[in-house]
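Here's the letter readout for the chains.
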Amino acid sequence: MDIYEKIVELLKRRGFLWPSFEIYGGVRGFVTYGPLGAELKHRIEEKWREWFVYKQGFVEIESPVIMPEVVFKASGHLDHFTDPIVECLNCKRKFRADHIVEEATGMVVEGLSPKEIEEIIKKKNIRCPECKGQLGQVNVFNLMFKTTIGPYSENRGYARPEAAQGMFVEFKRVFTAMREKLPLGIAQIGKVLRNEISPRKGLIRLREFTIMEVEVFVDPEDLSCPKLSEVEDEELRLITAEMRARNEEKPLVVTAREAVEKGYISAEWQAYFMVISKYFLSSLGIPWERQRFKEQMPWEKAHYSKQTFDHEVYLERFGWVEVAGHAYRTDYDLKRHMEHSKVDLTVFKRYKEPRIVEKVVVKPLGDVIKTDFGDNASKIIKLLKNIDPRELKNSFESEGYYEFDGNRIEPRHVKIEVKKEKITGRRFIPHVFEPSFGADRLVYATLECSYSVKENRVILKLPRDLAPIQVAVFPLVNKNGLPNIARDIWNMLKEEGIRATYDDSGSIGRRYARADEIGIPIAITVDYQTPKDSTVTLRDRDTWKQVRMPVDKLLNSLLDYFKGKKNFNELGICQE
RNA sequence: GCGGGGCUAGUCUAGCCUGGUCUAGGACGCCGGCCUCCCAAGCCGGUUACCCGGGUUCAAAUCCCGGGCCCCGCACCA
């Protein structure tokens, strides 16, 4: 049994998570989080919020999972989130149409339409690679889940394959609500769906999963990240696309600042978020040696991305697995939504000082034009209103006239004025940086990194602030009133917001073992000394050390401990 | 989607090749009780299973067919 199997077994047995719909045989690519798993996942999401929302001064929204077709037409997912598929008419096998053409001809067909691929197949008489049978029509398989909105089938909708589109579609409202300031970070945690052809590997590839994304909107003329200086000395481990092209797999270790200055990372915001990403994963207990950033090759990148670095984690069974993507989406999405919605999604930015610019203005002289051009006059006037004044001026200077459609326009037809204009700012489409995390993969990575074995017993060494259950309360034995005292302590802690459990079944050692296995950081034991002096022992999950402390100090000490203000040894008097 | 391997209680597994002795065995867990002054101790009792459907046969966990799911390889993973 490898560690993956051991973890899967533990997760099922103790109620973290399991494959969904088991009583009906199950469906691949779906999991259900049980009592402990749901809590753990919430904790990871909450931690992400701390790093990527609260500390950044960003804001979170929640937008629908189902979206109308037009959103994905605009976003490009309808066209790009697909694979072209061709079926052999003889053996009925299905193939990636583009791969077949590439193999048979060596042509690069990426970006061609299904029709174009089909034509190539016909023209070159490409046959089924398995049975040499004739190939049929090239169809596209879209990886989005399709549905109808309401009762009319023409009202098509899709489940979102990323949360990002919600942020783009609602950008204007959020921007206004946040009083029109850039940079603006909009975050969202939510379910997304992808109709994977063949999902595998448990939590690593699901059809329905949780994504945690930030879209940071910035001024394209000022791509600098003001917060990079706070973290610029932090080291990153990079495998750039250029290194990958040379088969260089040993990561380059550079500071965030260096990575930007030497051009490995195309923008400061990217580098900044990669450092925050490192901090976040480290806070989940994922060691830095098991993390790296790998740049996507041009053909791997999504249609909207200018540069993408995947944040990868090393897992024993699966090797390096992507848990986050850091993409520079430029103005792609907002631009596309502007085109499709016809709504202006540009932002206006005031200059510090209004600028006075000199503007050359062409004023057509109607009377003269009418006299000279007669019926053509209105056409000429229209032209002159739209013409670039410089072009006209240059033509006058060099030729003495400007020729348009067989008409000679001479300086006497117009009045050219130089006007002073006050410009208070400019309009532009913001550019977007996107860190995007797969929550479920992080749940697994967190579990794998915290899984340990001590004296043949499993200990889940979850960071204390991730543990689904914070403390366990035990009576040392089930007599002499100890259970009642323990229950009182348990109730008190629950009342005060500590997630506590009570267990009096089996020997004390067995109960410690049960608690260790699900990662409860602290066990409180009520023993024979407790009725005498109102003290209890606290036992540390990772070291099995014990300290003794008064019951009335318990709550505050635990709160300090879980906030990270105190370590276990500082909680009380060590018992050896 | 293709090829290979697999599926027996909460978990891990014996049995399958060679059909009947399987009313399906074990270990651990879990629940209740006893015991117990600190690390899966002991004792008593309880709990739970042949992935689903069809076929062959007097008889199927076992053989055959179809499906589901899991694992591995290929493919796929915007």
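This write-up is about the structure you can find in this document. Here the residue numbers are simple positions, counted from 1 along each chain's written sequence. The order in which chains are written sets their letters, starting at A; the order in which ligands are written sets their numbers, starting at 1. At least 70 in pLDDT is required for a residue's local features to be given in this predicted model, at least 80 for side-chain atom pairs to be given and counted, and no such filter applies to totals for whole chains, interfaces and linings, which use all residues. Remark: hydrogens and water are excluded; side-chain values derive from all non-hydrogen atoms of the structure.

### Focus: unusual backbone geometry
Rule in force here: We count a stretch as a helix when DSSP gives it H or I for four or more residues in a row; a strand needs E for two or more, and each element gets its number in order from the N terminus. Only protein chains enter the area calculation, which uses a 1.4 Å probe; residues under 20% of their type maximum are buried, those over 50% are exposed, and those in between are partly exposed.
Residues Leu182 and Pro183 are joined by a peptide bond in cis, for which omega reads -5 degrees. Tracing the backbone shows Pro183 in the loop between helix H8 (171-177) and strand S10 (184-193). Positive phi values are uncommon outside glycine, yet Glu455 reaches one of about 50 degrees. Here Glu455 lies in the loop between strand S22 (451-454) and strand S23 (457-460). Positive phi values are uncommon outside glycine, yet Trp544 reaches one of about 65 degrees. Relative to the helices and strands, Trp544 is located in the loop between strand S27 (535-540) and strand S28 (546-550). The partly exposed category is assigned to Trp544, whose relative accessible area is 21%.

### Section: the side chain of Lys41
Positionally, Lys41 belongs in helix H2 (residues 35-54). Since its relative accessible area comes to 6%, Lys41 is described here as buried.

### Re helix H1 (residues 3-14)
Heads up, the rule is: Here the expected span of a helix is defined as 1.5 Å times the quantity of residues minus one. Starting at the helix axis, one direction is taken to each C-beta atom, and the arc is that of these directions. By the convention used here, residues are in contact when the closest approach between their heavy atoms is within 4.5 Å.
For H1, built from twelve residues, the straight-helix expectation of 16 Å at 1.5 Å per residue is met to within 8% by its first-to-last C-alpha distance of 16 Å. Considered for burial, the residues of H1 that qualify are Ile3, Tyr4, Ile7, Leu10 and Leu11. The arc that holds every buried residue of H1, seen down its axis, measures 130 degrees, which confines them to one face. The inward-facing, buried residues of H1 abut strand S1 (17-19), helix H17 (439-450), S22, S23 and helix H19 (508-517). Residue Gly15 follows H1 closely and has a positive phi angle near 85 degrees.

### Some remarks on the pattern of salt bridges
Cut-off, in case you're wondering: In the sections that follow, a salt bridge refers to a side-chain nitrogen of Lys or Arg positioned within 4 Å of a carboxyl oxygen of Asp or Glu.
Evaluated as defined, the whole model comprises 36 salt bridges. We note a salt bridge from Asp2 to Arg317, for which the minimum N-O separation is 3.2 Å. Of this pair, Asp2 sits in the segment before H1 while Arg317 is found in the loop between strand S15 (307-315) and strand S16 (319-330), placing the two residues 315 residues apart along the sequence. Accessibility expressed as a relative area gives 40% for Arg317, which makes it partly exposed. Taken together, the salt bridges that share partners define one network made up of Glu9, Arg13, Arg14 and Glu517.

### Some points on the protein's contact with RNA strand B
Note the threshold: For each residue, the test is whether any non-hydrogen atom lies within 4 Å of the molecule or strand; if one does, the residue is near. Under the rule applied, a polar contact is a pair of N or O atoms within 3.5 Å (in protein, one hydrogen donor and one hydrogen acceptor; residues adjacent in sequence only if both atoms are side-chain atoms). The nonpolar class holds Ala, Val, Leu, Ile, Met, Phe, Trp, Tyr, Cys and Pro. Asp, Glu, Lys and Arg form the charged class, and all remaining residues, Gly among them, are polar.
In the vicinity of RNA strand B lie 46 residues, with Arg28, Phe81, His99, Arg194 and Arg514 positioned nearest. Backbone atoms, meaning sugar and phosphate, make up 59% of the atoms of RNA strand B lying within 4 Å of the protein. Within the side chain of Ser505, one N or O atom sits 3.3 Å away from a phosphate oxygen of RNA strand B. Elements with a contribution of two residues or more to the surface near RNA strand B: H1, H19 and S27. Tallying contributions element by element places H19 first for the surface near RNA strand B, with six residues. Across the surface near RNA strand B, the residue classes tally to 13 nonpolar, 14 polar and 19 charged.

### Regarding the packing of aromatic side chains
Note the threshold: In this analysis, rings of Phe, Tyr and Trp, with Trp reduced to its six-membered ring, are considered paired at centre separations within 6.5 Å, and the interplanar angle assigns stacked below 30 degrees, edge-to-face beyond 60, and tilted for intermediate values. The rule is short: NZ of Lys or CZ of Arg within 6 Å of the ring centre and within 35 degrees of the ring normal puts a charge over the ring.
Throughout the structure, instances matching the rule amount to 23 aromatic pairs. Judged by centre distance (5.9 Å) and plane angle (85 degrees), the ring pair of Phe168 and Phe217 falls under edge-to-face. Taken together, the residues Phe168 in helix H7 (residues 164-169) and Phe217 in strand S11 (residues 208-218) connect sequence positions 49 residues apart. In textbook terms, an aromatic cluster arises when at least three aromatic residues are bridged by ring pairs, as seen for Trp48, Phe52, Phe58, Trp269, Tyr272, Phe273, Phe280 and Phe437. The ring of Trp288 carries the charged tip of Lys278 above its face, separated from the ring centre by 4.0 Å. A cation sits over an aromatic face here: Arg464 above Tyr561, 3.9 Å from the ring centre.

### Let's talk about a nonpolar patch on the surface
Which entries qualify depends on this criterion: To count toward a patch, a residue needs a relative accessible area over 30% and no salt bridge; like charges are then connected within 9 Å, while nonpolar side chains (Val, Leu, Ile, Met, Phe, Trp, Tyr) are connected within 5 Å. Under the convention used here, a 1.4 Å probe and the Shrake-Rupley method define accessible areas, while residue burial counts only the protein chains that appear.
A contiguous nonpolar patch, built from Phe21, Ile23, Tyr24 and Val27 and spanning about 530 Å² of accessible area, is present on the exposed surface. Its location among the elements puts Tyr24 in the loop between S1 and strand S2 (31-33).

### A closer look at the pairing of S22
The cut-off we apply is this: Strand pairing is assigned whenever DSSP detects at least two bridges linking the two strands.
Sheet analysis places S22 next to S23, joined by four bridges and oriented antiparallel. Paired with Ser452 across the strands is Ile459, a residue of S23. Once S22 ends, the chain turns through two residues before running back antiparallel as S23, passing Glu455 with a positive phi of about 50 degrees.

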